[in-house]
Amino acid sequence: MSFLDEDRALIEDALKKEFTCGGDYKKISEAVLYSVIGGKMVRGTIALEFAAMLKTDKKEALPYAEAVECIQAYSLIHDDLPCMDNDDMRRGKPSCHIAFGEATAMLAGDALLTHAFSVIAKSQSAVKYPERAVKAVGILSEKAGFKGMVGGQVLDLEAAEKEVSGNELLLIHRLKTAALIEAAALIGCAAAGANDEICGYAKAFSSEFGAAFQMVDDLLDYNENPAECELNSYVKIFGEDKTKADIYAAITRAGSALYDFDRLGYDTGAFASLLGFLIERADNS
Ligand code: GRG
């Protein structure tokens, strides 16, 4: 079992415990579990691995990893709604609103968003290190909020009706996708009580990783169905060759950002493997 599988299993188990509920809460519990389990847990893994690299037990960082995956799942539920991207399928199964109805899906997203902060605030880690929990809540709410993921989603919705420039698209990607990946890295650092220098290096790595992640996602979408590819996809604007070249360039920059950790004696093996996972996705797209 690779560390990616191990981290995913750890996060999934914790989320199952958090959200499994009968009685009055059975319906919302089912809708939430349907959506929060089954993804790759890349963001949660990034949070756990930053904490682990910085010599903090993964168990301490687990609530932080759960929180970022709650926000990821909420964003996907809301993104699939008819008023947004209107997607019937997600992760190979019917989207939450197809399976549970639109109103329940919207509320499942709301429940996940609000509960993300409760998971951190009520954790043992917050009792031991309240200042770390407060820092993480600040990072997550900012990166997921109106100047982060939500802001990017607004620009993305506007862009669906017009052609955008390359720079506008890069901003959308930075906000819509990279912001939450940066949050994952930074809350992993917060869980470990990292200083500003370390957080700066984590930000440098994760923003390049986030940019590459979205470009790979666009490439996968394009190759799956070129005719249905969105107008403002990276591949449509820049072409397939440049998309691939830009993916490898961003991955190289992310790799270089790890040297600062290597120099300080930290083991960056997990992050090299995460970059390998992205390269594999791009190569097989
Ligand atoms: C609705 C507030 C709001 C935001 C939506 C995340 C997002 C913003 C939109 C989803 C559409 C999308 C494909 C965005 C790009 C980010 C991205 C690549 C999401 C998919 O992430 P993965 O591949 O998904 O990590 P899993 O299923 O593994 O969690």
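Since the model is a prediction, treat every value here as computed from it, not as a measurement. (Residues numbered from 1 in each chain as written. Predicted model: local features only at pLDDT ≥ 70, side-chain atom pairs only at ≥ 80, totals over all residues. Heavy atoms only, no water.)

K.L.:
Whenever I open this one, the overall build of the protein chain confuses me. Can you help?
P.N.:
Looking only at helices and strands, one finds 15 helices and 2 strands in the protein chain. For 285 residues, the compact-globule estimate of 2.2 N^0.38 gives 19 Å, and the protein chain sits close to it at 18 Å. Its C-alpha atoms put the protein chain at 55 × 50 × 35 Å along the principal axes. Here the protein chain holds 285 residues, and 49% of them are scored as buried. A separation of at least 24 residues holds for 74% of the contacts in the protein chain among residues at least 6 apart in sequence. Split by element, the accessible area of the protein chain, about 13,200 Å² in all, is 53% carbon and sulfur. If the 29 positive side-chain charges of the protein chain are averaged to one point and the 45 negative ones to another, these points end up 4 Å apart. (Helix = DSSP H or I, 4+ residues; strand = E, 2+ residues; numbered from the N terminus. Rg over C-alpha atoms; globule rule 2.2 N^0.38 Å. Buried < 20%, exposed > 50% of the residue type's maximum accessible area, 1.4 Å probe, protein only. Contact = heavy atoms within 4.5 Å. Areas by Shrake-Rupley, 256 points an atom, 1.4 Å probe, with all protein chains shown as cover. Lys, Arg positive; Asp, Glu negative; His and termini not counted. Charge placed at Lys NZ, Arg CZ, Asp CG, Glu CD.)

K.L.:
Just to check I follow, could you spell out the environment of Leu 10 for this structure?
P.N.:
Assignment of secondary structure puts Leu 10 in helix H1 (residues 3–19). For Leu 10, a relative accessible area of 33% puts it in the partly exposed group. For the pair Leu 10 and Ile 247, spaced 237 residues apart in sequence, the C-alpha separation works out to 29 Å. In contact with Leu 10, not counting residues within four places along its chain, are Leu 48, Lys 58 and Leu 62.

K.L.:
I'm lost on helix H9 (residues 149–159) in this one. Help?
P.N.:
An α-helix turns once per 3.6 residues; consequently, residues spaced three or four apart project the same way. Of the positions making up H9, those classed as buried are Met 149, Gly 151, Gly 152, Gln 153, Asp 156 and Ala 159. Residues of H9 that are buried in the fold lie against helix H4 (58–80), helix H8 (130–144) and helix H10 (166–191).

K.L.:
Honestly, the site of the ligand in this entry has me stumped. Any pointers?
P.N.:
Taken together, 19 residues sit near the ligand, with Lys 40, Arg 43, Gln 72, Arg 91 and Gln 214 positioned nearest. At a separation of 2.5 Å, an oxygen atom of the ligand approaches a polar side-chain atom of Lys 40. Within the side chain of Arg 91, one N or O atom sits 2.7 Å away from an oxygen atom of the ligand. Protein chains shield 91% of the accessible area of the ligand, which is 690 Å² for the free molecule. Secondary structure elements with two or more residues in the shell around the ligand: H4, H9, H10 and helix H11 (196–224). Ranked by residues supplied to the shell around the ligand, first place goes to H4 with 6 residues. Partitioned by chemical class, the residues of the shell around the ligand number 6 nonpolar, 7 polar and 6 charged. (Near = heavy atom within 4 Å. Polar contact = N/O pair within 3.5 Å; in protein donor to acceptor, adjacent residues only side chain to side chain. Nonpolar A, V, L, I, M, F, W, Y, C, P; charged D, E, K, R; others polar.)

K.L.:
How should I be thinking about the nonpolar core in this particular structure?
P.N.:
Across soluble globular proteins, you tend to see nonpolar side chains buried next to one another. Counting 84 residues, the largest nonpolar core has Ile 46, Phe 50, Leu 112, Leu 140, Phe 205 and Phe 209 as the members making the most contacts within it. Considering each element in turn, this core owes the most residues, 12 residues, to H10. Apart from residues no more than four positions distant in its own chain, Ile 46 is found in contact with Ile 181, Ala 184, Ala 185, Phe 209, Phe 271 and Leu 274. (Core = buried A, V, L, I, M, F, W, Y, C linked by side-chain atoms within 4.5 Å.)

K.L.:
Would you mind going over the pattern of salt bridges with me for this structure?
P.N.:
Where charged atoms of side chains with opposite charge meet at close range, the side chains can pair. All told, the structure shown has 14 salt bridges when counted by the stated rule. Between Glu 49 and Lys 58 there is a salt bridge whose closest N-O contact spans 2.9 Å. The class for Glu 49 is buried, based on a relative accessible area of 8%. Here Arg 90 ties to Asp 80 by a salt bridge, and the two come within 2.8 Å at their closest N and O atoms. Of this pair, Arg 90 sits in strand S1 (residues 89–90) while Asp 80 is found in helix H4, placing the two residues 10 residues apart along the sequence. Residue class for Arg 90 comes out partly exposed when judged on its relative accessible area of 26%. Taking the relative accessible area as the measure of exposure, Asp 80 reaches 2% and is therefore buried. By sharing partners, the salt bridges in this structure join Asp 7, Glu 49 and Lys 58 into a single network. (Salt bridge = Lys/Arg side-chain N within 4 Å of Asp/Glu carboxyl O.)

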